[in-house]
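Next come the chains, spelled out residue by residue.
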Amino acid sequence: PALIFLHGFPENHRSWRHQIRHLAESYHCVAPEQRGYHRSSKPPNAADYAPDQLIGDVFALADALGIERFTIIGHDWGGAIAWGVAITGQASG
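Reading guide: rules and limits
Residues numbered from 1 in each chain as written. Predicted model: local features only at pLDDT ≥ 70, side-chain atom pairs only at ≥ 80, totals over all residues. Heavy atoms only, no water. Pairing = 2+ DSSP bridges. Helix = DSSP H or I, 4+ residues; strand = E, 2+ residues; numbered from the N terminus. Axes fitted to C-alpha atoms, helices over the stretch in contact; angles between N-to-C directions. Contact = heavy atoms within 4.5 Å. Buried < 20%, exposed > 50% of the residue type's maximum accessible area, 1.4 Å probe, protein only. Phe/Tyr/Trp six-rings, centres within 6.5 Å; stacked < 30°, edge-to-face > 60°.

Enquirer: What exactly am I supposed to notice about the sheet that holds strand β1 (residues 2-6) here?
Expert: Each strand in a sheet pairs with another by means of backbone hydrogen bonds, the pair being arranged parallel or else antiparallel. Across the sheet, which stays open at both edges, the 3 strands sit in the order β2-β1-β3 with parallel pairing between neighbours. Of all strands in the sheet, those bounded by a partner on one side alone are β2 (28-30) and β3 (70-74). Neighbour-to-neighbour, the strand axes of the sheet open up by a mean angle of 20 degrees, direction not taken into account. Against the sheet, helix α2 (residues 51-64) engages β1, β2 and β3, with an angle of about 140 degrees to β3.

Right, dumping it as structure tokens:
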């Protein structure tokens, strides 16, 4: 099973390193840099950071990695995006 971890503000993917170390034996763990953080892409327009864009990033990442089903885990701003991912995922199937 896959777990996708979303970090908070102003953190980065390393925020989840301790949790992933313990979970990686049983789960496929993915902890991306969210858009605009650390070494990720930094689109210039404020509209590029709208929640629907960030939620879409999670589904695009899952598709790119061939992950059909996953559990989303988020902290702080990542938690807000995780709620949107969960709601969108429930609505679509």
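Enquirer: How should the environment of Tyr-27 be read in this particular structure?
Expert: With respect to the helices and strands, Tyr-27 occurs in the loop between α1 (17-23) and β2. For Tyr-27, a relative accessible area of 34% puts it in the partly exposed group. For Tyr-27 and Leu-3, which are 24 residues apart along the polypeptide, the C-alpha to C-alpha distance reads 6.6 Å. Other than its neighbours up to four places away in sequence, Tyr-27 contacts Pro-1 and Leu-3.

Enquirer: Please clarify how the packing of aromatic side chains should be interpreted in this entry.
Expert: Each aromatic ring pair is described using two quantities: the centre-to-centre distance and the angle formed by the ring planes. Per the counting criterion, the structure on display carries 3 aromatic pairs. Taking the centre distance of 5.0 Å and the plane angle of 45 degrees together, the rings of Phe-5 and Trp-16 count as tilted. Highlighted residues: Phe-5 in strand β1 and Trp-16 in the loop between β1 and α1, separated in sequence by 11 residues. Taken individually, Phe-5 and Trp-16 each receive the classification buried, so the pair is uniform in this respect. Each ring, one from Phe-9 and one from Tyr-37, has its centre 6.4 Å from the other, and the planes form 70 degrees; the classification is edge-to-face. Of this pair, Phe-9 sits in the loop between β1 and α1 while Tyr-37 sits in the loop between β2 and α2; the two residues are 28 residues apart in sequence, bridging distant segments of the chain. Of the residues examined, Phe-9 reaches a relative accessible area of 57% and is grouped as exposed.

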